[in-house]
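Structure at a glance
Listed below are the residues making up each chain.
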2 protein chains.
Amino acid sequence: MADVAKEAGVSHQTVSRVLNEHPNVRSETRARVMEAIDKLGYRRNLVARALVTKHSRTLGVVSFDTTLYGPASTVYGIEQAARAAGYFVSIVSLKSIDRAGVRDALDYLADQGVDGIVVVAPQRSAAQALADLPFDKPTVAVEGGEAGEVSVVCVDQYEGGRQATGHLLDLGHETVWHIRGPSDWLEAEGRVAGWRSVLEQAGRPAPEPLAGDWSPRSGYEAGRSLASMKDVTAVFVANDQMALGVLRAFTERGVRVPEQVSVVGFDDIPESEFFSPPLTTIRQDFGAVGRHSIEVLLRQIEGQGSHERERLVVPPVVVRRASTARR
Amino acid sequence: MADVAKEAGVSHQTVSRVLNEHPNVRSETRARVMEAIDKLGYRRNLVARALVTKHSRTLGVVSFDTTLYGPASTVYGIEQAARAAGYFVSIVSLKSIDRAGVRDALDYLADQGVDGIVVVAPQRSAAQALADLPFDKPTVAVEGGEAGEVSVVCVDQYEGGRQATGHLLDLGHETVWHIRGPSDWLEAEGRVAGWRSVLEQAGRPAPEPLAGDWSPRSGYEAGRSLASMKDVTAVFVANDQMALGVLRAFTERGVRVPEQVSVVGFDDIPESEFFSPPLTTIRQDFGAVGRHSIEVLLRQIEGQGSHERERLVVPPVVVRRASTARR
DNA sequence: CTCACTTCTGTTAGCGTTAACATTCGCAGT
DNA sequence: ACTGCGAATGTTAACGCTAACAGAAGTGAG
């Protein structure tokens, strides 16, 4: 910076002013400085800048298993939105979901001097940890449930569960079976609740949900159980990967979809359209969730004073394909 | 830090020494300092530290579409390995793959003061851009082809193509059709080359490869073409997603897999095992690729002097399932 | 008891930037 | 020409840390 100042024949502070688009710089001076910057190939040191301004223009993201389509898409949306707003994104992917893990991740990011944090916290324990932790940095939880003081952006899982179940009842099915996600996951809970509420509202019996862990294998195993029962005509599976396992199990047992049993998934992963048969599912707009979470976070960072907690809900939509049919 | 020093009755420099595990500190003094740190809840400011040491302990990652399973898994492996080594990870996901995009991403990360960069550069254009760019920071390319001066970590795509094709010939197929990935992708090229070499070596005719873009839809369309041809008995599809589309197309046309046609995919995504039929495929260990790329990068960062360019190749393995059968 | 030498601790300076205040410049109004 | 005032620029002092050197305390030998 000193070199640039010398080259342009001004003080280093004037260079700083040009860089920060301060209004009180004569345009001729500005031009001379810009020229010197170009000539010397100068780039300002953001670390020094962060030291004095207390703002790093970096956001932290805490996530769990970014290998899955949902989290990966959400994180992608977050990164794109953050960069568009001129922020860097620092990521921490956790393996375990305990309180200590979340605490460590937050501390780690706080140490690095991030300006705010997005926690993709789909498990109850993560949301809980987040709610308990006294944390002074702006924070947004994605799928964070009733996360205490922090703002939340999420997809309306309950509504998704209702749509899936409602779609199947509309097709004339007497009742709908459910293969649920792990009980620690808020998303799994929301879908179960939506499913149950529609059945109750329609006065239909609600069979005991089968347990899954989101993996195709767990869907496969649940599917085998269902295949050996006779009065099953409709199944709402809590995600598309498990639905794939279910389809596989049904195929093996000679159960025809959708002729004998209708199946609805959740997520609308890119593969779903090409399952056999193409899967009717509930689409979640992960990209929108990511973008919204950054919007909420930046609002919190930039409008310092107002700490009002926001809650933004993204609606899911039914995507009708060939795995569901009229009874 | 000054507060801690006062609390412990020492100078700030002694506190710094304790924090940096300098050997020449009396253990009694060290204990007193640690106690003061605990009591005051002091955490050192990494930004100030980075300013003076010139090391941010942050690594940059440039990637393309982290929504896909491969890149997502690789980035996950990178993040885990980096954090285990005490480094932060800053991510930039590019949409476009042109030279300017890569240049911007590298500049962006360089500005932020990262100590090194991993570029997940599966496209020829990205690898090219990387090779051309004069860049002084330690850099590693993942799947970067013959990327000029930079070190490369990759899966042996050529060998994978050979294994897939060899497996099908071993089963007695006269020849093997191929649905390839986009021509800009190095991985696609490697697989094509491996496939072709085995056919040539065996003196078999090599049919013109069908073009795909990695998406299930493109696989579906190529599959429809193949279904209408009569002498197709074996297909090597360049990734599992396209293979899913192929299976779908075959199912629709009444072509039975593996009875009439054998299909081999590539990647071994978690879903493959539950396709109908379960897919024989070539497994890539993305996690290992991520880990290795960090190892290579850290070696370059820490052993400053030696700029020897490394090239680390991870072997793929065949995973036999039900989509291939003896002819 | 002093000297040389090691081990530990303190003092000073500086990393590259921005904030705050000080100064200079130019121009309008009297 | 002189005052006053805002716009443009310069000067100085941080930000929180580590490096380099300086000084104090302890240790063993002559």
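Residue positions are given per chain, counted from 1 along the sequence in the order it is written. Each chain is given a letter, starting from A, and each ligand a number, starting from 1, according to the order in which they appear as written. Restriction of local features to residues with pLDDT of at least 70 applies here, the model being predicted, together with a cutoff of 80 or more for giving and counting side-chain atom pairs; totals for whole chains, interfaces and linings are based on all residues. Excluding hydrogens and water, the side-chain figures rest on all heavy atoms present in the structure.

Attention now moves to the protein's contact with DNA strand D. Throughout, near means a residue has at least one heavy atom within 4 Å of the molecule or strand. Residues in contact with DNA strand D amount to 28 residues; listed here are only the nearest, Ser11, Arg17 and Thr29 of chain A together with Ser16 and Tyr42 of chain B. Restricting the count to atoms of DNA strand D within 4 Å of the protein gives a sugar and phosphate share of 58%. In protein, a polar contact requires one atom able to donate a hydrogen and another able to accept it; more generally it is a pair of N or O atoms within 3.5 Å, and residues adjacent in sequence count only if both atoms are side-chain atoms. Contact between DNA strand D and Arg26 of chain A: a phosphate oxygen at 3.0 Å from a main-chain N or O atom of the residue. Counting from the N terminus, the helices are the DSSP runs of H or I reaching at least four residues and the strands are the DSSP runs of E reaching at least two. Among the elements of the structure, α2 (12–19) and α4 (46–53) of chain A together with α2 (12–19) and α4 (46–53) of chain B are those that each provide at least two residues to the surface near DNA strand D. In terms of residue count, the dominant contributor to the surface near DNA strand D is α4 of chain B (five residues). Charged residues are taken to be Asp, Glu, Lys and Arg, nonpolar residues to be Ala, Val, Leu, Ile, Met, Phe, Trp, Tyr, Cys and Pro, and polar residues to be all remaining types, Gly included. Residue composition of the surface near DNA strand D, by class: 10 nonpolar, 13 polar and five charged.

With domains assigned, chain A is organised as domain 1 (2–44), domain 2 (55–156 + 286–316) and domain 3 (157–284). An automatic or database domain assignment supplies the start and end points of every domain. One C-alpha centre belongs to domain 1 of chain A, the other to domain 3 of chain A, and the line joining them spans 63 Å.

A word on the relation of the copies chain A and chain B. Expressed as a screw operation, the relation of chain A to chain B combines 0.0 Å of axial shift with a rotation of 180°, fitting to an RMSD of 0.1 Å. A rotation of that kind, with that shift, is consistent with a two-fold axis. Considering only C-alpha atoms, the residue of chain A closest to the rotation axis is Ser90 of chain A, which sits at 2.1 Å. Contact criterion: two residues are considered in contact whenever any of their non-hydrogen atoms come within 4.5 Å of each other. Interface residue correspondence from chain A to chain B reaches 100%, placing this contact among same-surface, isologous pairings. The fit set for superposing copies consists of C-alpha atoms from residues with pLDDT of at least 70 in both; the fit itself is least squares.

As a further point, take the protein's contact with DNA strand C. Looking at DNA strand C, there are 26 residues lining it, with Ser16 and Tyr42 of chain A together with Ser11, Arg17 and Thr29 of chain B nearest. Among all atoms of DNA strand C positioned within 4 Å of the protein, those belonging to sugar or phosphate total 56%. Ser16 of chain A has a polar side-chain atom sitting 2.4 Å from a phosphate oxygen of DNA strand C. Between Arg26 of chain B and DNA strand C, the recorded distance is 3.0 Å, taken from a backbone N or O atom to a phosphate oxygen. For the surface near DNA strand C, the secondary-structure elements that each account for two or more residues are α2 and α4 of chain A together with α2 and α4 of chain B. For the surface near DNA strand C, the element with the highest residue contribution is α4 of chain A, accounting for five residues. Among the residues making up the surface near DNA strand C, the classes are represented as nine nonpolar, 12 polar and five charged.

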